[in-house]
Amino acid sequence: MSDAELVLRSTRVITPEGTRAASVAVTDGTITAVLPHDAPVPDGARLEDLGDHVLLPGLVDTHVHVNDPGRTEWEGFWTATRAAAAGGITTLVDMPLNSLPPTTTVPHLRTKQQVAADKAHIDVGFWGGALPDNVKELRPLHDAGVFGFKAFLSPSGVDEFPHLERDPLARTMAEIAAFDGLLIVHAEDPHLLASAPQQPGPKYADFLASRPRGAEDTAVAQLIREAKALHARVHVLHLSSSDALPMIAEARAEGVRVTVETCPHYLTLTAEEVPDGASEFKCCPPIREAANQDLLWQALADGTIDCIVTDHSPSTADLKTDDFATAWGGISGLQLSLAAVWTEARRRGHGLEDVVRWMSARTSELVGLDDRKGAIAVGRDADFAVLAPDETFTVDPVALQHRNRVTAYAGRTLHGVVKSTWLRGQRIVADGEFTEPKGRLLTRTH
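So, a few notes on the structure that sits alongside this text. Just so we're clear, the structure is a prediction, and the values are computed from it rather than from any experiment.

As a further point, take the pairing of strand β17 (residues 426–430). Side-chain direction in a regular strand flips from residue to residue, so the side chains alternate between the two faces of the sheet. Here 4 bridges tie strand β16 (residues 413–423) to β17, and the two strands are oriented antiparallel to one another. Looking at the pairing, Ser420 lines up with Ala430 of β17. Two successive antiparallel strands, β16 and β17, enclose a turn made up of 2 residues, where Arg424 displays a positive phi of approximately 45°. Relative to strand β18 (residues 433–434), β17 runs antiparallel, the two sharing 2 bridges. Bridged to Val429 within β18 is Phe434. Between the end of β17 and the start of β18, which pair antiparallel, lie 2 residues, with Asp431 showing a positive phi angle near 50°.

Written out as structure tokens, the structure reads:
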């Protein structure tokens, strides 16, 4: 610790070994020691004494739609990364669609990186996209450093990102498996969606009926079969149907390489409470019933679900009409994800160590960043969130950093106030004040 430039001290530091009083030493943006709370501060080092506020590793959100360039009026790297930083997120991985162009070729990736380079307040990586006609682009994208490939099994909602039917899915998965890449999948069966009752209008019950659990379950089963046959790595995005959990657990027991995420809105909001016409609650797959939510929490506790990510998917306010059939399907949650999850987790008897595991450690592992991110440990980046876990706030959309301040959490009282966020040992936001962008663009290294 003798060459430390910065020491952060707290009575509650969340480390891989548990929560303890500690002093965390930082040199050149890297954690160099985790020492007892009363360890002497070396000459020349700056001490930040956080008192009883909790020091936790910065969150890693691997499912974010930034929409930049092309649909920057929906969101953008400047606003998205500020919102993330305000919520304790220090790394995000951007989804390949809703931007124009989508991230489906190396030149398109370069365009996205150029746009993000000087706007990122936090570290940013990129997913590639898997389309029916771009199989030949997948290995070059992999070599260029994307963290994996996003595919839809049902229509994506934007024409420039078509979904994969059965044969294109098999070809895509085989190609990605050949270089041991990761395929991440929006799993809803298009045929079951097409046969479900379609009743436009403001009633949430009608929208829920149009996206039945069976569509998710059938698609997840298809993914598992293909992954088992090819020994491929697959990741199920934004799981909302608890009915799929037993087959996922069984597949894992058989050695199938499948991981699963869910989202704050599935864990904190329920179908029973969604007002008619309130399309700020619309997402696909949909928010389901309270009994379903209980089983998702159980699956997080037993490890069947690996991690929690936002699926932040905003739009302009005019696209959030009161007709659930035509309104844009996406929930904005970057700034509020930690507080939303922590509020419900504590109510259910989980600790902050669990939240860190689900929202930082395991997301880092998913994308291969666990050598640098996801833990307060020697050798990791000095990325931190400082949290007052018992303080509360009421969500006011005006206070959000998102470009469009439409939120399903408006008016909710949440636990957990982020006091400051740190990126590689530099405080990037504190009490609503931001520094200039200090984020880096990340690429897959292994």
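Moving on, there is more to tell.
So, about the sheet that holds strand β7 (residues 89–94). Strand pairing within a sheet occurs via backbone hydrogen bonds; the two strands may be parallel or antiparallel. Within the open sheet, the 3 strands sit side by side as β6-β7-β8. Their pairing is parallel. In this open sheet, the two edge strands, each paired with only one partner strand, are β6 (59–64) and β8 (123–126). The sheet shows a mean angle of 20° between the axes of neighbouring strands, taken without regard to direction.

Turning to helix α4 (residues 166–178), a few remarks are in order. Residues three or four positions apart in an α-helix share a direction because the helix packs 3.6 residues into each turn. Given a rise of 1.5 Å per residue, 13 residues ought to cover 18 Å, and the 18 Å separating the end C-alpha atoms of α4 matches this to within 8%. Each element contacted by the buried residues of α4 is listed here: α3 (135–143), β10 (149–152), β11 (182–186), α7 (213–230) and β12 (233–236). Asp180 lies just past α4 and shows a positive phi near 55°.

At the junction of Asp68 and Pro69, the peptide bond is cis and its omega measures out at 5° in the coordinates. Along the polypeptide, Pro69 turns up in the loop between β6 and α1 (77–86). Residue Pro101 is reached from Leu100 by a cis peptide bond, and omega for that bond is 5°. As for its position among the elements, Pro101 is in the loop between β7 and α2 (106–116).

What follows deals with the pattern of salt bridges. For the structure on display, the rule yields 26 salt bridges. One salt bridge connects Lys373 with Asp383, and the closest N-O pair in it is separated by 2.7 Å. Here Lys373 is found in the loop between α12 (352–366) and β15 (384–394), whereas its partner Asp383 is found in the loop between α12 and β15, with 10 residues between them in sequence. We classify Lys373 as buried; its relative accessible area is 3%. For Asp383, a relative accessible area of 5% puts it in the buried group. Salt bridges here are not isolated pairs; linked through shared partners, they connect Asp123, Arg372, Lys373, Asp381, Asp383 and Arg424.

Here we take up the pairing of β11. With 5 of its 5 residues buried, β11 lies for the most part within the structure. A two-sided burial pattern is seen for β11, the buried positions comprising Leu182, Ile184 and His186 on one face and Leu183 and Val185 on the other. Direction of pairing for β10 relative to β11: parallel, over a ladder of 4 bridges. Bridging from a neighbouring strand, Phe149 pairs with Leu183 of β11. After leaving β10, the chain enters α4 and then returns to the sheet as β11, a path that is right-handed. As paired elements, β11 and β12 share 4 bridges and run parallel to each other. Across the sheet, the residue bridging to Ile184 is His235, located in β12.

Quick notes on the rules
Residues numbered from 1 in each chain as written. Predicted model: local features only at pLDDT ≥ 70, side-chain atom pairs only at ≥ 80, totals over all residues. Heavy atoms only, no water. Pairing = 2+ DSSP bridges. Helix = DSSP H or I, 4+ residues; strand = E, 2+ residues; numbered from the N terminus. Axes fitted to C-alpha atoms, helices over the stretch in contact; angles between N-to-C directions. Expected span 1.5 Å × (residues − 1). Contact = heavy atoms within 4.5 Å. Salt bridge = Lys/Arg side-chain N within 4 Å of Asp/Glu carboxyl O. Buried < 20%, exposed > 50% of the residue type's maximum accessible area, 1.4 Å probe, protein only. Right-handed = clockwise from strand over helix to strand, strands pointing away.

Honestly, it's all geometry; don't read function into it.
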